[in-house]
Amino acid sequence: MPTPPSPPPDRPDPAGGPHGAPPPAPPSTPPATPPAPAAAVPPSSRPAAAPPTTPPVTPPVAPPARPAASPGAPSAPVFRAAPSSPLWFGGDYNPEQWPEKVREEDVDLMLRAGVNLVTVGVFSWGLLEPREGEYRFEWLDRTMDRLGEAGIGVALATPTASPPPWFTLAYPDAMPVTADGTRLTHGSRDTYDVCAPAYREASARIARALAERYAGHPALRMWHVHNEYGSWSHSDHTARAFRDWLRRHHHDLGRLNEAWTTAFWSQHYSEWEQILPPRATQYLPNPAHVLDFRRFLSDEMLDHFLDQRDVLREVRPDVPVTTNLAFGDWVPVDPWRWAEHLDLVAVDDYPSLTGQGGAEQTAFAADLARSWAARVPGGGRPWLLMEQAAGVTYTGELTRPKSPGETVRHSLAHVARGSRGAMFFQWRASRGGAEQWHSGMVPHAGPDSRIFREVCELGSLLPRVAEASEAEVVADAAVTWDPESWWALGSPSLPSRSVDYLESVRQVHRVLWRSGRTVDFVRPDRELPRVPLLVVPALYLLSDAAAERLARYTEGGGTLVVTYLSGLADPSGTVRTGGYPGALRDLLGVRVEEMYPMFAGETVGMDLGMVREEVTTWSEHVHLAGAEAVARYAGGPLDGFPAVTRRRYGAGEAWYVSARLSDRGLGRVVSEAAGTGPFPEDGLDVVRRVGPDGAWVFVTNHDDRSRRIDPARLGLGPDAVDLLSGASAKGLNLPGGGVAVLRGHPVTG
């Protein structure tokens, strides 16, 4: 890991921080002896001020003893150095749910598994502060000391995602209000109104209490603020904060009325106080109103995070601060914006598919996280898989055991794509509570189980690949990702309710993954990377400046592939008139006169060279305006009209796909536009990383049959070796479900 940077001018020297505490410890002595290696692994509202220099994600060596702590803390024990992998490994740890005997066993099992980091205290507010202003830290003191003595680091959480019952009774107005006016109460989690002053004040108090007590503890590795931000509220507190946000963003009511098209349905606002959150109403809501509300919620929750982050940094500025980002259409969080305020991006990933589908979803989540992390101050794209399920897949209908080796494969897929480790929810499966059937690294069956054995295997493998952790992931394609377009395309007023932004982007990533490409996600609010291929799926909201960036990318020699529903509206959600795809008409050389969304089960033909494609869900009436037709509709009302087009633009090409194609059909278009991928072998996932000292190639075989690995084809010299087995990479046979991590010198040709 990199040498910690010197403290910036506006921050105190870490060595002279609170309690005179030295920086926290990294991993430095090996865990319990790992098993012998095998031949291959088997199956905001505040001003956007520039944040201070990001603290190192892996801090320097730990002190031999605990520094001074707050009054009442236990006597100082001696601490061991932590395990020697710069990759974090562990999970959420909830010792407060277990008797003392189990807690003692936990540390022994953690050492056996190679765990070097656990997240503590995420949902412990009720125990830490059983009554307002009364703190009980004894159990957490013992936990921190016990983990520190074993050399296990702690990501100490602020427990603000789950206020305790006393808070509900003391501040009923701080509970969230649904769109239909129902005020919720405690009994679950995430029951708070992020805009309520009482909640904001209580959150900052508990964060400060934790910071002042544990900032000098040698087990502390990072701060973990909150958990999975995403709770909505439509309360009066929210209404006041929303109006303040709108004033800052629209400046005056005239601009707001124009952006929201309030002349429609007599929604013109003449006073700010007339504006409410998008509460339950008679019929369709105003989509611009709803879109701005989601933007506001993202900024308001970010402001809540920043309140706590600033407290934690004030007390201990050298310890990295993060929060774990959840993923779903219910989450009103813009990760691109949040990443600018994090020390590392942390994500939760729970694939819903098994087999290769789960592998594709894993790669998608990892590529997203790495791409968001490009906006973390200080560079280096630091990110961490903070949560995943140990040994099971949650399909939405059932909990299904993963196949043997799948936990290892998914974890290494994240590490391959840049994660600084592999973490789980949770360490030990709970006996009771709402998530008692959520998996754990130690399942209900205990350590004598397949899940725990695979956890131990993963813990033995991560130190072997840690040397690649600072090497850059090599991406050869890019895909646009825009949460605001996702939100806007969720409007019920669209021509079809079958439109699915997430699936549109997933499909593009899936097709590129199967062709052997590694993907960077981008948002065109900044200059675009010089990769040979950029795909733009359903980028519904597009500013003029972003459209110009796409044109410059293409003019400079890039291959641009744009799908239907892109460029139709400006950032306010106002439709661009004159024909679709709006802001991209001139670049693409087409004009769409009409949309033809399709009924469920309806298909129309399309000729893709020698292949007949069946179009579903969406089609369009396309006119050529400088482009040429590559494929045409066959049959139906669009018979003979262009379906896929291409236009030379400067030194590059701009392609337009006007229909929802199958994976095979879209793959054929991408192949025609940009050639075959670098490693187009079905079921083989290849990720390349390069650094000043060499190159590393992560190869995962998701197929049942074995594959012979050719280092030269992967861009490595004949000296390449597999870090997992220690064997020469030349002639390496990778069994079905196997993983290899090859290190060597890069070669070309």
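(A) Layout of the overall build of the chain. Scanning the chain from terminus to terminus reveals 17 helices and 31 strands. Expressed as a percentage of the 749 residues in the chain, the buried residues total 60%.

(B) Representation of the sheet that holds strand β4 (residues 117-120). In space, the 9 strands of this open sheet follow the order β7-β6-β5-β4-β3-β13-β10-β9-β8, with parallel pairing throughout. Strand pairing shows two members of the sheet lacking a second neighbour, β7 (321-322) and β8 (324-325), which therefore form its edges.

(C) Just the sheet that holds strand β26 (residues 684-691), in detail. In space, the 5 strands of this open sheet follow the order β14-β26-β27-β31-β29, with antiparallel pairing throughout. Across the chains shown, the open sheet's two edge strands, defined by having one partner strand only, are β14 (472-473) and β29 (721-722). Taken together, the 8 bridges between β26 and strand β27 (residues 694-701) define a ladder with antiparallel strand orientation. Within β27, the residue paired with G691 across the bridge is G694.

(D) Quick look at unusual backbone geometry. Residue Q426 is reached from F425 by a cis peptide bond, and omega for that bond is 10°. Take Q426: it is sitting in the loop between β13 (419-424) and α12 (450-465). The omega torsion of the bond from Y580 to P581 falls at 5°, within 30 degrees of zero and hence cis. Relative to the elements of secondary structure, P581 occurs in the loop between β18 (559-563) and α16 (585-588). Within the chain, D190 stands out as a residue other than glycine whose phi angle is a positive 60°. Turning to its location among the elements, D190 is positioned in the loop between α4 (165-170) and α5 (197-214). One non-glycine residue, W265, adopts positive backbone phi at about 60°. By the secondary structure assignment, W265 is in the loop between α7 (253-260) and α8 (287-315).

(E) Spotlight on the nonpolar core. Grouped together as the largest cluster of nonpolar side chains are 187 residues, with contacts concentrated most on V345, W481 and M606. For M606, the contacting residues outside a window of four places in its chain are V611, R612, E613, V615, A631, R632, Y633, A634, A643, V644, A659 and L661. Residues F679, V697, L714 and L716 belong to the second largest nonpolar core, which totals 15 residues.

(F) Inspection of the environment of T645 at higher detail. Following the sequence through the fold, T645 ends up in strand β24 (residues 642-649). Residue classification places T645 among the buried positions, given a relative accessible area of 1%. As a C-alpha pair, T645 and V590 span 55 residues in sequence and 8.0 Å in three-dimensional space. Residues in contact with T645, not counting those within four places in the same chain, are V590, V622, L624, A627, E628, A629, V630, A654, W655 and Y656.

(G) Representation of the side chain of R689. Along the polypeptide, R689 turns up in strand β26. Of the side chains bearing the opposite charge, E470 lies closest to the buried R689, which forms no salt bridge; the N-O distance is 7.2 Å. At 3.3 Å, the side chain of R689 and the backbone oxygen of A468 are in polar contact. One polar contact links the side chain of R689 to the main-chain carbonyl oxygen of S469, over a distance of 3.2 Å.

(H) Local environment of the environment of A720. Mapped onto the fold, A720 is located in the loop between β28 (707-709) and β29. Take A720: its relative accessible area is 1%, and that puts it in the buried class. Between the C-alpha atom of A720 and that of V741, which follows or precedes it by 21 residues, the distance is 9.8 Å. Among all residues touching A720, those that are not within four sequence positions of it are P711, S728, A729, K730, R743 and G744.

(I) Focus on helix α1 (residues 100-113). The terminal C-alpha atoms of α1 lie 20 Å apart, and with 14 residues this matches the ideal 20 Å at 1.5 Å per residue to within 8%. Considered for burial, the residues of α1 that qualify are V102, R103, D106, V107, L109, M110, L111 and A113.

(J) Up close: the packing of aromatic side chains. This model, assessed by the stated rule, comprises 29 aromatic pairs. With centroids separated by 6.2 Å and ring planes inclined at 70°, the aromatic side chains of F167 and Y199 adopt a geometry described as edge-to-face. Here F167, found in helix α4, pairs with Y199, found in helix α5; they are 32 residues apart in sequence, far enough to count as distant. Classification of F167 by relative accessible area gives buried; the value is 0%. In this structure Y199 comes out as buried when scored by relative accessible area, which is 0%. Consider the rings of F364 and F521, whose centres lie 5.5 Å apart with planes at 85°: the pair is edge-to-face.

(K) Broad picture of the confidence of the model for the chain. Per-residue pLDDT for the chain averages 90, and the proportion of residues at 70 or more is 89%. Low pLDDT, under 50, characterises residues 1-52; the predicted model gives this stretch 142 contacts beyond four residues in sequence or across chains. Across residues 80-84 the pLDDT falls below 50, and counting only partners more than four positions away or on other chains, this stretch makes 26 contacts in the model.

(L) Geometry of the pairing of strand β23 (residues 628-634). Across 3 bridges, the pairing between strand β20 (residues 604-608) and β23 is antiparallel. For G605, the partnering residue across the bridge sits in β23 and is A634.

Rules behind the numbers
- Residues numbered from 1 in each chain as written.
- Predicted model: local features only at pLDDT ≥ 70, side-chain atom pairs only at ≥ 80, totals over all residues.
- Heavy atoms only, no water.
- Helix = DSSP H or I, 4+ residues; strand = E, 2+ residues; numbered from the N terminus.
- Buried < 20%, exposed > 50% of the residue type's maximum accessible area, 1.4 Å probe, protein only.
- Pairing = 2+ DSSP bridges.
- Core = buried A, V, L, I, M, F, W, Y, C linked by side-chain atoms within 4.5 Å.
- Contact = heavy atoms within 4.5 Å.
- Lys, Arg positive; Asp, Glu negative; His and termini not counted.
- Salt bridge = Lys/Arg side-chain N within 4 Å of Asp/Glu carboxyl O.
- Polar contact = N/O pair within 3.5 Å; in protein donor to acceptor, adjacent residues only side chain to side chain.
- Expected span 1.5 Å × (residues − 1).
- Phe/Tyr/Trp six-rings, centres within 6.5 Å; stacked < 30°, edge-to-face > 60°.
- pLDDT = per-residue confidence, 0-100.

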